[in-house]
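Structural characterization, general
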Amino acid sequence: MATAGVITRPFRLPEAIWAVAGAVALVAFRLLPWTDALTGVRKGADVYLFLAGMMLVAEVARQEGVFDWLAALAVQYARGSPPRLFVLVYAVGTIVTAFLSNDATAVVLTPAVYAATRAAGATPLPYLFICAFIDNAASFVLPISNPANLVIFGDHMPHLAAWLAQFGAPSVVSIGVTYLALRMTQHRALAQEKIAHEFSRPPLTHGGRLTLCGIGAVSIVLLSCSALNVQLGLPTFICDAVTTAMVLTLNRQSPWPVIKGISWGVLPLVAGLFVLVEALDHTGVITTLRAALHAAVGNAMTATAWSAGLVVGFASNLMNNLPVGLIVGSVVASDQLPSQVIGAMLIGVDLGPNLSVTGSLATILWLVVLRREKLEVGTWRFLRLGIFIMPPALVLSVISMSLLAHVR
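All values derive from a computational prediction rather than experimental measurement. (Residues numbered from 1 in each chain as written. Predicted model: local features only at pLDDT ≥ 70, side-chain atom pairs only at ≥ 80, totals over all residues. Heavy atoms only, no water.)

Before going further, it helps to examine the packing of aromatic side chains. Two numbers describe a pair of aromatic rings. These are the distance of the centres and the angle of the planes. Scanning the entire structure with this criterion turns up 10 aromatic pairs. Where Phe153 meets Trp163, the ring centres are 5.7 Å apart and the plane angle is 65 degrees; that geometry is what we call edge-to-face. One end of the pair, Phe153, is in helix H9 (residues 147-153); the other, Trp163, is in helix H10 (residues 160-185), and 10 residues separate them in sequence. Like Trp163, Phe153 is buried. Aromatic pair Trp163 and Phe167: ring centres 4.6 Å apart, planes at 45 degrees, arrangement tilted. Note that Trp163 and Phe167 are positioned in helix H10 at a spacing of four residues, about one turn of the helix. Phe167 carries the same exposure label as Trp163, and that label is buried. Cluster of aromatic residues (ring-pair linked, three or more members): Phe86, Tyr90, Tyr127 and Tyr179. The ring of Phe86 has Arg183 sitting right over it, with the charged end atom 6.0 Å from the ring centre. (Phe/Tyr/Trp six-rings, centres within 6.5 Å; stacked < 30°, edge-to-face > 60°. Helix = DSSP H or I, 4+ residues; strand = E, 2+ residues; numbered from the N terminus. Buried < 20%, exposed > 50% of the residue type's maximum accessible area, 1.4 Å probe, protein only. Lys NZ or Arg CZ within 6 Å of the ring centre and 35° of its normal.)

Here's what the structure looks like:
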C-alpha cells in the first residue's frame, strides 16, 4: 500500500508521506521493532549524503543558468536542423546523467530543454522525451550516475576500474540502442519540425563558470574515491557543499534560495523505503529470495543472470525501481553471488524503468516538471514508447555484459 501511494500519490500528497506513513504503521502495529526500523534508516546514510550533495550542486547550477546555457548551446549548434538538435540534446543529457545523476537530468535539464526549444520555435516534446529516457539509459555509466547504484552495492561498491570493465560496454549499448529506438519513434515529428537557424545564446555568468569548474572538480574527486574504493556519500556531500559555498560567497548571495529550491522530501522518501525493505527482511522474504537465487545460480548461472535482469527490470515498473533496488541490495548484501548476476540486476533496476512513467523516481520527477509547464504525457502514451524502447535496450545490455564476462 505504501509503494502504491508513492507511485500514484493519492490526494496529490507528496511521495515521501506515503513511504514514511508505511514505515510508521509497521512500527505502530508492532510488525517491526523500532530498533530494526532505526537500523533500516541508518543503512541509508551513504545514500542520503549522496543525494543531498547532488541536489545542492544541481540547484546551484540551475540558479546560475548552467543548464539553460547547455540547452541553448545545443540549439545554437543545431543550426536549424531538428535531427542535429535531437543528437545534441541527447549528448547533453548523457553527460549530465553520467556526472550529475539521473535525477539532475529529470529535474533541472528538462525545464532548460523546454525553454530553449520553445525559444527556437521547436515543438518541445520530442526533445523532452530524451530527458525521460536518457536519465535511465545512462544511469550506470558510473557509480555516481544513479543513487540506486549505491543502494544495490552499499559497502561493496566495485572499484572504478572494475565498474568500467563490467558496465562500460553495456552502458554504450544501452545509450546507443535507446537513442536508435527513440529516434525512430520521433522520426515523423522531427520531419515536420522547423527551428530557427539563428539563436542567441545567453552568456554564462561568472557564477555559472565557477559552478561548472566545481562540478568538474567534484567529478574528479568522486571518480578518485571510486577508484580507491571509498564510499561516495560523504565525499559527495562535502565536495558539493564546498562548491556551493564558494559560488554563493563569491556572488555574495544568500544560501536560502538554494536551500528552498531543493526537493528535500526525497530524503524521507528514501528513508521510509529503507524501513519497508527492512520489514521484508524481518519477515524472511529476503532470505527466501536469496535462497531461490542461489539455487538458480547453481543450476544455470548465465540463464539466471539474464532472467534476473529481465524480472528486476519489469518489476521496477510495477513497484518503482527504488524499492526494487533496495530489495535487490538486501538480497545481494554480504552474499557471494556471481558479479554477472548482480550486474544484470543492477541494469534491470537502472534501465528497466524506461518502460513506464512510474518506473523510477527520476521519471516521476520528469513528469512533474512537464505538468508544471502545462504539458501532459499520459500513462499509455509513455508505455507505447517504452515498450518499443526499453526491452531491446535491456536485453542487449545484459547480453553484452554476459559476453564480456565469458571473454574475460
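Turning our attention to the environment of Pro10. The topology assignment puts Pro10 in the loop between helix H1 (2-8) and helix H2 (15-28). Relative accessible area serves as the criterion here: at 27%, Pro10 is assigned to the partly exposed category. Sequence separation of Pro10 and Tyr48 is 38 residues, and the distance between their C-alpha atoms is 25 Å. Contacts of Pro10, omitting those with residues within four sequence positions, involve Gly5 and Trp18. (Contact = heavy atoms within 4.5 Å.)

Inspection of the secondary structure assignment puts Arg183 in helix H10. For Arg183, which is buried and forms no salt bridge, the nearest opposite charge comes from Glu193, at a distance of 11 Å. In this structure, Arg183 is in contact with Pro83, Phe86 and Leu190, ignoring residues within four places of it in sequence. (Lys, Arg positive; Asp, Glu negative; His and termini not counted. Salt bridge = Lys/Arg side-chain N within 4 Å of Asp/Glu carboxyl O.)

By themselves, these figures tell us nothing about what the structure is for.
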